[in-house]
Amino acid sequence: CTVENIIQHQQTFLNQLREITGINDIQVLQQALKDSNGNLELAVTFLTAKNAKVPQQEEATYYQTALPGNDRYISVGSQADTNVIDLTGDDKDDLQRAIALSLEESNRAFRETGITDEEQAISRVLEASIAENKASLKRTHPEVWSDSPNPYDRKRQDSCPVGLKNVGNTCWFSAVIQSLFNLLEFRRLVLNYNPPASAQDLPRNQKEHRNLPFMCELRYLFALLVGSKRKYVDPSRAVEILKDAFKSNDSQQQDVSEFTHKLLDWLEDAFQIKAEEERDGEKPKNPMVELFYGRFLAVGVLEGKKFENTEMFGQYPLQVNGFKDLHECLEAAMIEGEIESLHSENSGKSGQEHWFTELPPVLTFELSRFEFNQALGRPEKIHNKLEFPPILYLDRYMHKNREITRIKRDEIKRLKEYLTVLQQRLERYLSYGSGPKRFPLVDVLQYALEFASSKPVCTSPIDDIDASAPPSGTVTAQTIPSTTEQQGPSSSEIPSTSPVQRSVIHKPFTQSRIPPDLPMHPAPRHITEEELSVLEGCLHRWRTEVENDTRDLQESISRIHRTIELMYSDKSMVQVPYRLHAVLVHEGQANAGHYWAYIYDHHQRRWMKYNDISVTKSTWEELERDSFGGYRNASAYCLMYINDKEQFLIQEEFNKETGQMLLGVDTLPPDLKVYVKEDNKRFEKELEEWDAELAQKVQQEKLLATQTPRMPAPSSAPAGEPEYLEQPSRTDLSKHLKEDSVRAITKALAEQEDRSPETVMQMAIKLEYARLLKLAQDDPPPECDYRLHHAVVYFMQNEAPKKIIERTLLEQFGDHNLSFDERCRNIMKVAQAKLEMIKPDEVNMEEYERWHQEYRNYRETTMYLMVGLELFQKKSYMEALLYLIYAYQNNKELLSRGLYRGHDEELISHYRRECLLKLNEHAAALFESGDDQEVNNGLIIMNELIVPCLPLLLVDETEEKDIAAVEDMRNRWCSYLGQEMEPNLQEKLTDFLPKLLDCSTEIKGFNDPPKLPSYSTHELCERFARIMLSLSRTPADGR
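Residues numbered from 1 in each chain as written. Predicted model: local features only at pLDDT ≥ 70, side-chain atom pairs only at ≥ 80, totals over all residues. Heavy atoms only, no water.

Can you help me understand the environment of E290 in this one?
For E290, the position within the fold is in helix α12 (residues 287–292). Taking the C-alpha atoms as reference points, E290 and V362, 72 residues apart in sequence, are found 9.2 Å from one another. What E290 contacts, discounting residues up to four positions off in sequence, is K285 and P361. (Helix = DSSP H or I, 4+ residues; strand = E, 2+ residues; numbered from the N terminus. Contact = heavy atoms within 4.5 Å.)

Structure, rendered in structure tokens:
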């Protein structure tokens, strides 16, 4: 037992070194163990130094990883104590001291605080996350973004899953919690958890002081995720509990796998307290252990001596580097060292196999995507592609199947060795030659055949050129074609003074006949019919033989690949299916990034993407793109599989009396029902207050409208007349529209014999309607937008109801601005009388107001776009950005109602994207300058302009150009990670990068929209036409 303790202690030391340094060579790690005399810090220094020694001789390479019969959770690759005695000698005192020290160190902190050293590490990021959130509230400078004041923007849609708000670098928390919450059995365990009565008044130790309040907050959080009417909820209180449990000053983003590991530990402890209280003389059962922890058997040989251990595991770590799929990772993790030594009694080598004896219902794999770069002295992310299946069959790793698996592994090994030989042979056919350039042998033979079959020539390829060349040494345009037709010299043979270069188009390896319009190949000088016949026969035969050999090799290779793929497909090896439940994704680099989760909805049979507050439908194709790696900086970090035969994991709850499925709040215990209903009442009150506020505004607007005087106005309009949007009358009549009305009245008077005001008015409206209809039906160039000329043109193009158009025209002719002469005043009075005769049920005034408000929004969007483009052309990118963003957002809302209600979305998107890219480059240039003031200015641009705007580019995942632009901006800053820089710059970069990479797709509103200048309709149309014409004269720039 003592020896086993020693072996376990050594192995945990080696595992910790492997995690810290990223070095997997067991010999190097053991040498560091010797050289450092068991000092972890010194061993890390040895391993990360540039002149780290590599042992020259083979030594004992592998040790057991756990104590037999240990019932506590032991993570494969878990960290060890830092003070380790040298165990490489034979001194028994050293062995005893090692055991004593191990027990002392592992128990000291636990006795004092009830918390292990490893548990304290997680507090660093929790405290940093809360501090970041609080700091953001204390900033003095105005933020670009704020939560939407409209509670309807935060209202949950039907039964859409509820998101979690990012409260400051807590996307890792959201990803893990959502993955666990969507395990219905885990959800039930948490929701139905009742704290033990003995611990409610006074917790016995710090663990209870931490775990029990956390469990209460987790219950509340889960209850809100079940029944809240909000689109997303705030997890700050749960995160606060975690933060308050530990005190630390370090600040970095939390690692998902570490957090999941510790979270399950805390939950296990909480359920253990409850289980011990309820046990009835039997060993208490912990539901967390039964749900997430399994066992494997470690069978191995250590220096010729066999050993066998049963160990417990939770999250199973897998190396990614060097493997193409999950099965390859698992095979490597289950077999370590020299496996052949397992069957040899006298071997001095070491090795071991792992066999699962008991799999947990929920099986989690940690994908190790980080390794330590010794040259740079820091961890780096592995972006290699790693595939994983939606259904994973684990039969080949089960202890009960070990004999058949060993046979199949031997067969696969033999097939792979044979495969390697075949691939090497095939490569000789496909890359033939001894020089630096190699070609397929079948093409080489075809080329030789074409050369031999060419018509023989009797002169040197340069004779005619030299003879026909003029004294100046240049070649005339007429000479070259005649020469090349006869001899076909290569371009390198033409004198360098020639202004004409031959363009080689013919592809000899892919076609057998020379196209008639191309120069002939070089040809043999002399060849007889007999020689040509023999040579052609040989080349044809050899080419056929090579083609057959190549085809046979390719078919054999494909056949072997297929055999290997189907090796475990027989019925006996597909009895343990595990379905992929959740994929936790990390985007970014080793020390900064953003997390989100893809979670499978087992009842709707579809994938959902949980990205902080955003919860959207997804597909397996999108999951592959973001999770496999090798595509962008995003890749899977953690995989959660569930036993496909254990339906209780995803089973919905049913009413025991009625048999009906329970949904939403009905699934909650009584105390949580009350909690959720109270929160929903608070949110409903927010909605009511918002509705009341809007109703009050509408009432005030109606009151102002009814109080608008209809008295005749002075004959001359005041100077500086406000433009259409600011005109106080209902139709916002501008001078431009006034002139249109007078023109129509004048024309009606000329055409109409009956000059009564009513008849003239009807004729004028008819003429104005016809004019506007013609404008609406025209297809003008982009710079001439007739919708800006008149609201009716906009209404016609968007198929507004006829009553809306008629009333708009009546208000145009009934406006008091037409009272400047007697004839127009009479028509104005008739129009006003007609307006008063319209009954409420004839025209829906709410609909009428909506159409005119939409038109005002359209003109406002036009002005945002126009001013933004003008500023962009002046290279005032910081000022232009806000206008373009408002233009895009308002325009998108308009286009959602119809194709002709807004402007070209691609145009606005292009200039918004270009504005961000140019600002990003400017900020990066300021950062590179190294000057403190310029560096700070660059980071202000990023933090206050770029970072808050990135969600706008990421919200629509079909906009590939926008997503690519975000990647370019992120990569621009991530590229600095590999460069040497001053410590203060490194610190600022480390602080800034998480903000750049941790971008939620939440769309928020601006605090203050940019102010718009006042334009008349004529000025607006003229300036819009000018800016659009200038765009048409510039390069498209990808538009």
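I tried to follow helix α24 (residues 802–813) on my own but got confused; where do I start?
One turn of the α-helix equals 3.6 residues, which is why residues spaced by three or four share an orientation. Helix length check: α24 (twelve residues) gives 17 Å between terminal C-alpha atoms against 16 Å at 1.5 Å per residue, within 8%. Counting buried positions along α24 gives nine out of twelve residues, so the element sits mostly inside the fold. Of the positions making up α24, those classed as buried are I804, I805, R807, T808, L809, L810, E811, Q812 and F813. (Expected span 1.5 Å × (residues − 1). Buried < 20%, exposed > 50% of the residue type's maximum accessible area, 1.4 Å probe, protein only.)

Mind showing me how you'd approach the pattern of salt bridges here?
A side chain of one charge can pair with a side chain of the opposite charge if their charged atoms are brought near each other. Per the stated rule, a full pass over the model turns up 40 salt bridges. The partner of E686 in a salt bridge is R154, and the shortest N-O contact between them spans 3.3 Å. Linking E686 in helix α20 (residues 670–706) with R154 in the loop between β1 (145–146) and β2 (163–164), this pair joins segments that are 532 residues apart in sequence. By relative accessible area, R154 is classed as buried at 18%. Across the pair K385 and E387 runs a salt bridge, and its minimum N-O distance is 3.6 Å. Given a relative accessible area of 45%, K385 falls into the partly exposed group. Each of the salt bridges in this network shares a partner with another, and the network as a whole consists of R154, R230, D679, R682 and E686. (Salt bridge = Lys/Arg side-chain N within 4 Å of Asp/Glu carboxyl O.)

Could you clarify how one ought to interpret the side chain of S179 in this entry?
Within the secondary structure layout, S179 lies in helix α6 (residues 171–181). Each residue touching S179, except ones within four places of it in the same chain, is listed here: H581, A582, L584, A597, I599 and M640.

When you look at the pairing of strand β4 (residues 294–302) in this model, what are you seeing that I'm missing?
Two faces make up the sheet, and in a regular strand the side chains alternate between them. Along β4, eight of the nine residues are buried, which leaves the element largely enclosed by surrounding structure. Connecting β4 to the next strand, strand β5 (residues 305–313), in antiparallel fashion are two residues, including E303 with a positive phi near 50 degrees. Relative to strand β8 (residues 351–358), β4 is paired through seven bridges, and the arrangement is antiparallel. By the bridge assignment, F296 is partnered in β8 with F356. (Pairing = 2+ DSSP bridges.)

Looking at this structure, how should I read a nonpolar patch on the surface?
Taken together, F654, M661 and L663 make up a surface patch of nonpolar side chains, about 300 Å² in accessible area. The residue M661 is located in the loop between β17 (634–643) and α20 in this model. Taking the relative accessible area as the measure of exposure, M661 reaches 42% and is therefore partly exposed. (Patch = residues over 30% accessible without salt bridge, like charges linked within 9 Å, V, L, I, M, F, W, Y side chains within 5 Å. Areas by Shrake-Rupley, 256 points an atom, 1.4 Å probe, with all protein chains shown as cover.)

Explain the packing of helix α15 (residues 441–453) against helix α18 (residues 529–565) to me, please; I cannot follow it from the model alone.
Relative orientation and spacing of two packed helices are given, respectively, by the angle between their axes and the distance between those axes. Running from N to C, α15 and α18 point in directions that differ by 165 degrees, and their axes come no closer than 9 Å. As judged from the angle between their axes, α15 and α18 are roughly antiparallel. For the crossing formed where α15 meets α18, the hand is left-handed. On α18, the residues that touch L441, V442, L445, Q446, A448, L449, A452 and S453 of α15 are L532, L535, E536, L539, H540, W542, R543, V546 and E547. Among the residues forming the contact of α15 with α18, the class breakdown is eleven nonpolar, three polar and three charged. (Axes fitted to C-alpha atoms, helices over the stretch in contact; angles between N-to-C directions. Parallel < 35°, antiparallel > 145°, perpendicular 65-115°, else oblique. Left-handed = near helix turned anticlockwise from the far one by under 90°. Nonpolar A, V, L, I, M, F, W, Y, C, P; charged D, E, K, R; others polar.)

What is the right way to read α15 from this model?
For α15, which comprises 13 residues, the first-to-last C-alpha distance of 18 Å matches the rise-based estimate of 18 Å (1.5 Å per residue) to within 8%. For α15, the secondary structure elements touched by its buried residues are α14 (402–430) and α18.

What should I look at first to understand the nonpolar core in this one?
Soluble globular proteins tend to pack their nonpolar side chains together in the buried interior. Within the largest apolar cluster, 99 residues are counted, with the highest numbers of intra-cluster contacts made by F795 and W973. Sequence-distant contacts of F795, that is, excluding residues within four places in its chain, are made with A800, I804, I805, T808, W851, H852 and Y855. L164, F181, L191 and Y637 belong to the second largest nonpolar core, which has 61 residues in total. (Core = buried A, V, L, I, M, F, W, Y, C linked by side-chain atoms within 4.5 Å.)

Would you explain the packing of aromatic side chains in this entry?
All chains considered together, the criterion is met by 32 aromatic pairs. Consider the rings of Y316 and F356, whose centres lie 5.6 Å apart with planes at 75 degrees: the pair is edge-to-face. One end of the pair, Y316, is in strand β6 (residues 316–319); the other, F356, is in strand β8, and 40 residues separate them in sequence. For the residue pair Y316 and F356, the accessibility class agrees, reading buried in each case. Consider the rings of Y864 and Y883, whose centres lie 6.3 Å apart with planes at 50 degrees: the pair is tilted. Placement of the pair is Y864 in helix α26 (residues 845–873) and Y883 in helix α27 (residues 877–895), with a sequence separation of 19 residues. (Phe/Tyr/Trp six-rings, centres within 6.5 Å; stacked < 30°, edge-to-face > 60°.)

What's the story with the pairing of β6 in this structure? I'm lost.
Residue alternation in β6 divides its side chains into a buried set, Y316 and L318, and an unburied set, P317 and Q319. As defined by bridge partners, β6 adjoins strand β9 (residues 362–368) across four bridges and the pair is classed as parallel. Across the sheet, residue Y316 finds its bridge partner in β9, namely F365.

Sorry if this is basic, but what is going on with unusual backbone geometry here?
Glycine aside, the phi torsion of most residues is negative, and most peptide linkages are trans. The backbone of R605 shows a phi angle near 55 degrees, a positive value even though the residue is not glycine. Residue E799 is not a glycine yet carries a positive backbone phi of 55 degrees. If you trace the backbone, E799 turns up in the loop between α23 (791–797) and α24.

Please clarify how the side chain of H594 should be interpreted in this entry.
Tracing the chain through its elements places H594 in strand β14 (residues 592–601). The exposure class of H594 is buried, given its relative accessible area of 2%. At 2.8 Å, the side chain of H594 forms a polar contact with the side chain of N611. (Polar contact = N/O pair within 3.5 Å; in protein donor to acceptor, adjacent residues only side chain to side chain.)

Explanation requested: the state of the cysteines in the structure shown.
Per the counting criterion, the structure on display carries zero disulfides. The thiol of C1021 is not disulfide-bonded; the next cysteine sulfur, from C784, is found 8.0 Å away. (Disulfide = S-S within 2.5 Å.)

Where do I start with the confidence of the model for the protein in this structure?
Confidence in the prediction for the protein averages 75 pLDDT; 69% of positions are at 70 or higher. Per-residue pLDDT stays below 50 along residues 708–733; that stretch engages in 53 contacts with residues further than four places along the chain or on separate chains. Under a pLDDT of 50 for its full length, residues 1035–1039 has, in the predicted model, eleven contacts with residues more than four places off or in other chains. (pLDDT = per-residue confidence, 0-100.)

I would appreciate a short explanation of the environment of I827 in the present structure.
Position of I827 relative to the elements: it lies in helix α25 (residues 822–837). As a C-alpha pair, I827 and I745 span 82 residues in sequence and 8.5 Å in three-dimensional space. In contact with I827, other than residues within four places in its own chain, are I745, P757, V760, M761 and F813.

I'm lost on the environment of I838 in this one. Help?
Position of I838 among the secondary structure elements: in the loop between α25 and α26. Of the residues examined, I838 reaches a relative accessible area of 21% and is grouped as partly exposed. Taking C-alpha positions, I838 is 9.0 Å from R807, a pair spaced 31 residues apart along the chain. Aside from chain neighbours lying at most four places away, what touches I838 is R807, L810 and V843.

Explanation requested: the packing of helix α29 (residues 932–954) against helix α30 (residues 960–974) in the structure shown.
Where α29 contacts α30, the axes come no closer than 10 Å and their chain directions differ by 150 degrees. On the basis of the axis angle, α29 is roughly antiparallel to α30. Relative to α30, the crossing made by α29 is left-handed. Taken together, the residues of α30 that come into contact with α29 (itself represented by L939, M942, I946, L950, L953 and L954) are D962, I963, A965, V966, M969, R970 and W973. Residues belonging to the contact of α29 with α30 are distributed by class as follows: eleven nonpolar, no polar and two charged.

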